[in-house]
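Structural overview
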Amino acid sequence: MSLPKNCLMKKEIVASVIIALAIFLFAFNPPYLNKNAGPPAPLYPLPTEKQMGWHEMEMNAFIHFTTNTFTGLEWGFGNESNSIFNPSSLNATQWVRTLKDAGFKGVILTSKHHDGFCLWPSKYTQHSVKNSPWKNGKGDVVKDVADACKKEGLKFGVYLSPWDRNHPEYGKPAYVEYYRNQLKELFTNYGSVFEMWFDGANGGNGFYGGANETRKINGATYYDWPTTLNVVRAIQPNVLFFSDAGPDLRWCGNERGTAGETNWNTITNDTLYAGKPGIEKLLNTGSENGTKWIPSEVDVSIRKGWFYHPQEDTLVKSPETLFNIYLTTVGRGSTLLLNVPPDQRGLFHENDVKALQGFKKLLDQEFKTNVAKNAVVKGSAFRGNDPNYSPSNVTDGKKATYWATDDNVTSGSIEINLNKTQPLKYIMLQEYIRLGQRVKSFTVEVLSDNRWREVAAGTTIGYKRILKLNEVSTNKVRINIKNAKACPVISNVEIF
Ligand code: FUL
């Protein structure tokens with residue numbers, strides 16, 4: 001039986017439409033039909049919004065100042081007389097301005113160190129500035145620093161030593177109450193606090209109101225941290241808590257200025273607590289499959305000690321050393337917390353100021369021109385062939401755009417065309433960590449004499465990774481993500 005002519009024509013039209021659609025799909029691969037459409041699923045755990053803000057600060061400063069500045073000690077015993085605290089010309093604005101000019105974004109002040117002397121007129125103790133000759137007992141260093149930070153636009157943070165070698169009740173429940181009352185004072189009276197620094201040191205012997213004995217506490221239970229932290233959170237929910245093991249920020253495991261070359265922001269902290277012996281290595285690297293996002297912070301002093309001692313005036317770290325510390329902290333995805341201790345006048349010493357200025361000069365000089373800015377980037381593959389995830393997103397200078405591959409593709413390469421051959425010193429890479437930390441290993445190659453040559457390699461990237469390239473000359477750079485926990489998501493590449 002033969003079909004009518006108009007029916008045959010309809011069949012031909014339908015066939016042509018199907019062929020045209022197939023050609024269109026093959027050619028344009030529209031993202032809405034691709035299984036890899038849309039952004040990659042988050043890889044948990046993720047940073048919180050306040051942790052993201054902290055990552056972006058990159059460099060904060062520590063200020064260690066107390067009776068130790070006048071006694072020459074690093075750990076006051078707790079029997080120091082209030083009368084020795086008498087800076088002749090304390091000027092917190094000089095501290096904060098110097099730090100701001102050097103690129104620091106936040107300041108953490110030792111409101112009370114292990115010796116128990118309080119830099120603010122706490123109503124819970126007589127051992128404080130209120131009974132010192134400084135400003136006839138009317139001064140308040142915490143207020144001075146908090147106000148200077150507000151004025152200069154830096155964030156203000158607080159260190160309050162849990163260990164107190166002055167307090168008669170240290171080791172008993174009454175001291176924990178005292179400690180919480182002091183936290184309440186600090187978090188109520190000085191405006192917003194971005195970070196609270198809990199020191200893990202719980203040494204043993206001390207003055208303890210005249211007992212002169214050794215007191216040991218159980219670091220895991222004595223302070224009842226969950227309750228203590230909730231006291232603070234009830235006043236300022238946005239504060240970040242630092243201690244050896246978090247809960248928000250972790251110690252990097254050393255005071256030398258070196259984050260782990262492998263540095264996971266993730267760690268499982270269920271069995272960790274501040275001061276727990278033997279956890280340094282784990283804190284330094286974090287763990288690939290850690291269940292919580294607790295990034296590492298690197299505290300290191302510009303001098304040998306944490307407090308000012310005149311005999312260390314010649315031992316201030318040089319701008320070059322500070323720059324290297326920058327590379328092994330910020331350049332390894334951590335945040336730097338650099339200590340600068342005021343002297344007996346209550347000023348940053350000239351040598352420290354000079355070192356900080358030299359450090360800033362080096363930072364500006366070494367990272368002056370990003371030759372990859374807006375450079376053309378080609379990639380081995382990108383997510384669903386969707387331009388939203390194209391390799392060129394890594395050079396567009398935008399924080400929220402990134403190159404990503406298809407799900408289950410855990411490696412990939414991008415090639416950056418620099419247009420002209422030029423000497424290169426550093427490469428900087430950033431993962432889009434809002435979707436989790438992913439990269440486990442990568443290499444960097446440059447094209448020279450028509451051959452790709454490996455010039456750098458690393459493991460983790462995280463918030464930021466900077467590698468030295470040792471002045472290679474090239475016009476093309478290739479970044480190979482060798483392995484990742486899930487499809488890599490790279491937001492930024494800069495080359496200097
Ligand atoms: C250590 C303390 O014992 C030092 O004195 C200093 O405060 C440093 C930042 O932390 O644990």
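Here the structure is a predicted model, which is why all the values come from computation and not from measurement.

1. Section: the domain arrangement of the protein chain
Parsing the protein chain into structural domains produces domain 1 (49–366) and domain 2 (376–495). In this structure, domain 1 and domain 2 have C-alpha centres spaced 36 Å apart. At the interface, 22 residues of domain 1 touch 20 residues of domain 2. Buried area between domain 1 and domain 2, summed over both chains or domains, comes out near 1900 Å², and the portion from carbon and sulfur atoms is 48%. It is Met52, Trp264 and Glu366 that lose the most area in domain 1 upon contact with domain 2, and together they represent 25% of the buried surface on that side. On inspection of domain 1 and its partner domain 2, the count reaches five salt bridges. Residue glutamate 288 is joined to lysine 440 by a salt bridge in which the shortest nitrogen-to-oxygen separation is 3.1 Å. Taken together, domain 1 and domain 2 are joined by 17 residue pairs in polar contact (both at pLDDT 80 or more). Elements that contribute at least two residues to the side of domain 1 that touches domain 2 include exactly α2 (49–57) and α9 (319–329). Residues of the side of domain 1 that touches domain 2, tallied by class, amount to seven nonpolar, eight polar and seven charged.

2. Comments concerning the pairing of strand β17 (residues 451–458)
With seven bridges connecting them, strand β16 (residues 439–448) and β17 associate as antiparallel partners. The residue of β17 that forms the bridge with valine 444 is alanine 456. Counted along the chain from β16 to the antiparallel partner β17, the turn is two residues long, and its residue aspartate 449 has a positive phi close to 50 degrees.

3. Brief notes about unusual backbone geometry
For the bond running from tyrosine 44 to proline 45, omega is 0 degrees, close enough to zero to count as cis. With respect to the helices and strands, proline 45 occurs in the loop between α1 (5–28) and α2. Of the consecutive residues glycine 246 and proline 247, the connecting peptide bond is found in the cis state with omega at 20 degrees. Examined against the element boundaries, proline 247 turns out to sit in the loop between β7 (240–243) and β8 (249–251). Look at glutamate 58: it is not a glycine, yet its phi comes out positive at around 65 degrees. With respect to the helices and strands, the residue glutamate 58 is situated in the loop between α2 and β1 (59–63). Of the residues examined, glutamate 58 reaches a relative accessible area of 13% and is grouped as buried. The backbone phi angle of asparagine 212 is positive, close to 45 degrees, even though this residue is not glycine. The residue asparagine 212 is located in the loop between β5 (205–206) and β6 (213–214) in this model.

4. Some points on the site of the ligand
Inspection of the region around the ligand gives Phe62, His64, Trp75, His113, His114, Tyr159, Trp197, Asp199, Ala201, Glu255, Asp299 and Trp306 as its neighbouring residues. The side chain of histidine 64 places a nitrogen or oxygen atom 2.7 Å from an oxygen atom of the ligand. One of the side-chain N or O atoms of aspartate 199 is found 2.7 Å from an oxygen atom in the ligand. Taken by itself the ligand offers 300 Å² of open surface, and the protein chains cover 91% of this. Of the residues belonging to the shell around the ligand, the class tally is six nonpolar, three polar and three charged.

5. Concerning the environment of valine 371
Inspection of the secondary structure assignment puts valine 371 in the loop between α10 (350–366) and β13 (376–379). Judged by its relative accessible area of 22%, valine 371 falls in the partly exposed class. Measuring from C-alpha to C-alpha, the distance between valine 371 and methionine 57 comes to 24 Å, with 314 residues separating the pair along the chain. Contacts of valine 371, omitting those with residues within four sequence positions, involve Leu418, Gln422, Leu424 and Ile495.

6. Some details on the side chain of arginine 303
Tracing the backbone through its elements, the reader meets arginine 303 in the loop between β11 (296–301) and α9. Once you skip the residues sitting within four places of it in the chain, arginine 303 turns out to touch Tyr308, His309, Glu312, Asp313, Leu315, Val316, Lys317, Pro341, His349 and Asp352.

Reading guide: rules and limits
- Residues numbered from 1 in each chain as written.
- Predicted model: local features only at pLDDT ≥ 70, side-chain atom pairs only at ≥ 80, totals over all residues.
- Heavy atoms only, no water.
- Domains from an automatic or database assignment.
- Contact = heavy atoms within 4.5 Å.
- Buried area = accessible area lost by both parts, 1.4 Å probe.
- Salt bridge = Lys/Arg side-chain N within 4 Å of Asp/Glu carboxyl O.
- Polar contact = N/O pair within 3.5 Å; in protein donor to acceptor, adjacent residues only side chain to side chain.
- Helix = DSSP H or I, 4+ residues; strand = E, 2+ residues; numbered from the N terminus.
- Nonpolar A, V, L, I, M, F, W, Y, C, P; charged D, E, K, R; others polar.
- Pairing = 2+ DSSP bridges.
- Buried < 20%, exposed > 50% of the residue type's maximum accessible area, 1.4 Å probe, protein only.
- Near = heavy atom within 4 Å.
- Areas by Shrake-Rupley, 256 points an atom, 1.4 Å probe, with all protein chains shown as cover.

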